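# Secondary and tertiary structure notes
So the chains spell out like this:
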Amino acid sequence: MDFTFTRHAKARLACAAALAASLMPAHAQGGAYPAKPVTVVVAFPPGGMTDIVSRALAKELQQNLKQPFVVENRPGGAGQVGTEYVARQAVDGYTLLVGATGYVIAPAMKKVGYDPLKSLEPVAVLARAPNLVVVNPSVPVKNTQEFLDWAKTQSNIPFGTAGAAGSTHLGGEWLRKVTGYQFNHVPYKGAAPATNDAVAGQIPMAVQDSMSVSAFISSGRLRPIANMAAERSKLFPELPTLREAGPAFKDFDVYTWLGLYAPAGTPAPVLTLLNQQINKIMNSPEMVERLRLQYSEPLGVMDLAQTRGFVAGEVAKWKRVVSETGVKSEE
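Residues numbered from 1 in each chain as written. Predicted model: local features only at pLDDT ≥ 70, side-chain atom pairs only at ≥ 80, totals over all residues. Heavy atoms only, no water.

Another point: the overall build of the chain. Summing up its helical and strand segments, the chain has eleven helices and eleven strands in all. Relative to the compact-globule value of 20 Å for 331 residues, the chain shows a C-alpha radius of gyration of 22 Å, a close match. Viewed in the frame of its principal axes, the chain has a C-alpha envelope of about 90 × 40 × 35 Å. Expressed as a percentage of the 331 residues in the chain, the buried residues total 52%. Counting only contacts in the chain whose residues sit at least 6 apart along the sequence, the fraction spanning at least 24 positions is 77%. For the chain, the exposed surface amounts to about 14,900 Å²; the carbon and sulfur share of it is 54%. Of the side chains in the chain, 32 bear a positive and 26 a negative charge, and the two mean positions are spaced by 3 Å. (Helix = DSSP H or I, 4+ residues; strand = E, 2+ residues; numbered from the N terminus. Rg over C-alpha atoms; globule rule 2.2 N^0.38 Å. Buried < 20%, exposed > 50% of the residue type's maximum accessible area, 1.4 Å probe, protein only. Contact = heavy atoms within 4.5 Å. Areas by Shrake-Rupley, 256 points an atom, 1.4 Å probe, with all protein chains shown as cover. Lys, Arg positive; Asp, Glu negative; His and termini not counted. Charge placed at Lys NZ, Arg CZ, Asp CG, Glu CD.)

Structure below.
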């Protein structure tokens, strides 16, 4: 009897094996994963975009994977404290990180205790939100051109952000570089305190992700001036981009995105399970609508390889922006 497999038979067997593997539980240190509570470290204080999205995701992961996913806020250093903490943890999938765009920006600006492409493994991209220029209503401007005309006459324009080395910080520094106006960064320990000070009039303006300021825009306590992303957002269809203000802003494409990471060396089956579960959750109709109501959106489904590629592309992009603006770390 001839037991030689044909090429097609081998292919069918390979597909069957892959399907069977995908249906098996993930393993970490010899046991099914997750077999105990998982800690999701949020590198920012409660109340901002990172915290809000992380808590919504953790709730769904807990329901789907039948183990607690506990959010732990570890703010400081514009996300670096929490990031470096997770990079030192065991490679078993039980300590994860949710970080913002500063994860890929900070290494281009200052010495940090992690390599964005080597110390942690990108697991999934969760959501993004356009970065907005917002002002306190006492500032006598209502649109981008009025804002630029006003800024030209000011000797000092403090702008608040969630902290140094984030995309909101770099967005503001890019605005300073392009205009030559006196925009001066005021870093806060998270989006919430920066937003609160802008609402209170302690600072005239802020550069913030849309999710962190949406409630204040809706209530009229902050006035949106411009979207820093490349294109108008479906979330704010009537709000012009900075690009629309003239050719000086033609390269602007600044938004905040959130990623989930695990320490490098975490078992591949664990990474795959988390990637698949998170893609399913973040792109579900219910979560898409929930994000929309909070002025953010998913980036679409990305497998592990695509996620790694996205993060690598962002590392290169922000390294270029840091070089062009000449901004230095304030910490």
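Consecutive side chains of a regular strand alternate in pointing toward one face of the sheet and then the other. Bridge count between strand β3 (residues 38-42) and strand β4 (residues 69-73): five bridges; the pairing is parallel. From the neighbouring strand, Val-42 faces β4, where its bridge partner is Asn-73. Handedness of the crossover is the feature at issue here: the chain leaves β3, passes through helix α2 (residues 49-65), returns alongside β4, and the resulting connection is right-handed. (Pairing = 2+ DSSP bridges. Right-handed = clockwise from strand over helix to strand, strands pointing away.)

Moving on, we come to the side chain of Asn-275. Turning to its location among the elements, Asn-275 is positioned in helix α9 (residues 268-282). For Asn-275, a relative accessible area of 5% translates into the label buried.

So, on to the pattern of salt bridges. All told, the structure shown has ten salt bridges when counted by the stated rule. The closest approach of N and O atoms between Arg-55 and Asp-51, which form a salt bridge, is 2.9 Å. Residue Arg-55 and its partner Asp-51 are both found in helix α2; the two are separated by four residues, about one turn of the helix. The partly exposed category is assigned to Arg-55, whose relative accessible area is 38%. Taking relative accessible area as the criterion, Asp-51 reaches 5% and is therefore assigned buried. Ionic pairing is found between Asp-251 and Lys-250, a salt bridge with its closest N-O pair at 3.3 Å. (Salt bridge = Lys/Arg side-chain N within 4 Å of Asp/Glu carboxyl O.)

Looking now at the nonpolar core. Among the nonpolar cores identified, the biggest contains 86 residues, and Phe-69, Leu-126, Phe-147, Met-205, Ile-278 and Met-282 are the most heavily contacted of them. With nine residues, the top contributor of residues to this core is strand β6 (residues 120-135). Setting aside chain neighbours within four positions, we find Leu-126 in contact with Val-53, Leu-57, Val-98, Leu-258, Gly-259, Leu-260, Ile-278, Met-282 and Pro-298. Listed in part, the 14 residues of the second largest apolar core include Leu-132, Val-213, Phe-216 and Leu-239. (Core = buried A, V, L, I, M, F, W, Y, C linked by side-chain atoms within 4.5 Å.)

This next bit is on the pairing of strand β11 (residues 255-263). Of all nine residues in β11, nine are buried; the element is thus mostly enclosed. Of the pairings in the sheet, the one linking strand β5 (residues 95-99) to β11 comprises three bridges and is antiparallel in character. Looking across to β11, one finds that Gly-99 is bridged to Gly-259. With nine bridges joining them, β6 and β11 adopt antiparallel strand pairing. Bridging across to β11, Ala-127 finds its partner in Leu-258.

What follows covers the side chain of Thr-161. Structurally, Thr-161 is set in strand β7 (residues 157-161). Looking at Thr-161, its side chain comes within polar contact range of the main-chain nitrogen of Gly-163, at 3.1 Å. When neighbours within four sequence positions are excluded, Thr-161 is seen to be in contact with Thr-168, His-169, His-185, Val-186, Pro-187, Tyr-188, Gly-190, Ala-194, Val-207 and Gln-208. (Polar contact = N/O pair within 3.5 Å; in protein donor to acceptor, adjacent residues only side chain to side chain.)

Before going further, it helps to examine the environment of Ser-212. Within the secondary structure, Ser-212 sits in helix α8 (residues 210-218). Between the alpha carbons of Ser-212 and Asp-92 there is a distance of 32 Å; along the sequence they are 120 residues apart. Apart from the residues within four sequence positions on either side, Ser-212 is in contact with Gly-48, Met-49, Ala-191 and Thr-195. There is a polar contact of 3.4 Å between the side chain of Ser-212 and the backbone nitrogen of Met-49.

Worth remembering: the numbers are spatial, not functional.
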